[in-house]
Amino acid sequence: MNVLVCAACGRRLSPPLRLLPERPPRDGRKLPDGSRHAPSTVPQGMYSVDPEPSGAPFVPHPDPDWMGAAVPGTVVLDPDGPGCLMSAGPRDTWVVHPEDTRGYLAPNDAVEDFGCCGPPGRQGPNFVCPGCGAAVATLFADCSGPYETHFLPDAVRTVPA
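So, here is what we can say about the structure in this document. This structure is a prediction, so every number in the text was calculated from the model and none was measured.

**A word on the nonpolar core**
Counting residues in hydrophobic clusters, the biggest one holds 18 residues, and the most contacted among them are Leu13, Leu105, Val136 and Phe151. When contributions to this core are tallied by element, the ones reaching two or more residues are strand 1 (2–6), strand 7 (93–96) and strand 10 (135–140). With 3 residues, the single largest contributor to this core is strand 10. In contact with Phe151, other than residues within four places in its own chain, are Leu4, Leu13, Thr93, Trp94, Val96, Thr101, Leu105, Val136, Ala137 and Val156.

**Describing the side chain of Asp100**
Residue placement: Asp100 occurs in the loop between strand 7 and strand 8 (106–107). Among buried Asp, Glu, Lys and Arg side chains, Asp100 stands out as unpaired, with Arg102 the closest opposite charge at 9.3 Å. Side-chain polar atoms of Asp100 contact the backbone nitrogen of Gly45, separated by 2.6 Å. Setting aside chain neighbours within four positions, we find Asp100 in contact with Ser14, Pro15, Leu17, Pro43, Gln44, Gly45 and Met46.

**Brief notes about the pairing of strand 6 (residues 84–87)**
Walk down a regular strand and you will see the side chains alternate between the two sheet faces. Taken together, the 3 bridges between strand 4 (residues 58–60) and strand 6 define a ladder with antiparallel strand orientation. Bridged to Val59 within strand 6 is Met86. The pairing of strand 5 (residues 76–77) with strand 6 spans 2 bridges and is antiparallel. Within the sheet, the bridge partner assigned to Leu77 lies in strand 6 and is Cys84. Hairpin remark: strand 5 followed by strand 6, antiparallel, with 6 residues in the connecting loop; positive phi at Gly83, about 90°.

**A word on the pairing of strand 7**
Across the two faces of strand 7 the burial is the same, with Thr93 and Val95 and Trp94 and Val96 all buried. Alignment of strand 3 (residues 46–50) against strand 7, held across 4 bridges, turns out to be antiparallel. Looking across to strand 7, one finds that Asp50 is bridged to Thr93. Where strand 7 lies against strand 11 (residues 148–151), 3 bridges are found, and the strand directions are antiparallel. Bridge assignment links Trp94 to a residue of strand 11, and that residue is Phe151.

**Description of the environment of Asp154**
Checked against the element boundaries, Asp154 lands in the loop between strand 11 and strand 12 (156–160). The exposure class assigned to Asp154 is exposed, which follows from its relative accessible area of 74%.

**Things to note about unusual backbone geometry**
As a rule of thumb, non-glycine residues mostly have phi less than zero, and peptide bonds are mostly trans rather than cis. Following Ala56, the chain continues to Pro57 via a peptide bond in cis, the omega torsion being 0°. As for its position among the elements, Pro57 is in the loop between strand 3 and strand 4. At Asp92, a position not held by glycine, the phi torsion is positive, near 60°. On the secondary structure map, Asp92 appears in the loop between strand 6 and strand 7. For Asp92, a relative accessible area of 40% puts it in the partly exposed group.

**Some details on the packing of aromatic side chains**
In the structure shown here, the tally under the stated rule is 1 aromatic pair. Measuring from ring centre to ring centre gives 6.3 Å for Tyr47 and Trp94, while their planes differ by 40°; the resulting arrangement is tilted. One end of the pair, Tyr47, is in strand 3; the other, Trp94, is in strand 7, with 47 residues separating them in the sequence. Trp94 carries the same exposure label as Tyr47, and that label is buried.

Definitions and limits used
Residues numbered from 1 in each chain as written. Predicted model: local features only at pLDDT ≥ 70, side-chain atom pairs only at ≥ 80, totals over all residues. Heavy atoms only, no water. Core = buried A, V, L, I, M, F, W, Y, C linked by side-chain atoms within 4.5 Å. Buried < 20%, exposed > 50% of the residue type's maximum accessible area, 1.4 Å probe, protein only. Helix = DSSP H or I, 4+ residues; strand = E, 2+ residues; numbered from the N terminus. Contact = heavy atoms within 4.5 Å. Lys, Arg positive; Asp, Glu negative; His and termini not counted. Salt bridge = Lys/Arg side-chain N within 4 Å of Asp/Glu carboxyl O. Polar contact = N/O pair within 3.5 Å; in protein donor to acceptor, adjacent residues only side chain to side chain. Pairing = 2+ DSSP bridges. Phe/Tyr/Trp six-rings, centres within 6.5 Å; stacked < 30°, edge-to-face > 60°.

Right, here's the structure in full:
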């Protein structure tokens, strides 16, 4: 088991977590309580590495007919032209269940990221390390996508629990 810590100051950013051997697929089912958030693709107490680009910045997709996911589970239309935007964000983000970050992270006041049910994660890292203020993670928590937190790979490191 490992804990995630801030690469800048060493502050603990998670409880002990176990690495999943591969990223679980997104299934899109509703939560048992009927809430509108899509289920996290990572169970509580676990973390996984996502090899795909995650979040901001977004760039126009070269194919104007492409309608894939720019944010996990979400299509973002290009406001400046036809077609959609695709993520050009970091690869290999560390993905955890948002409940595993509760009480460990502070909101990033520089990011105004509002969706109808929670932050969609379109504006970049919306959480910082409460110790040093370094941007460390993006919470995806709007009803239009999954419910998960992506840690920036260069902003955190793992240490044995």
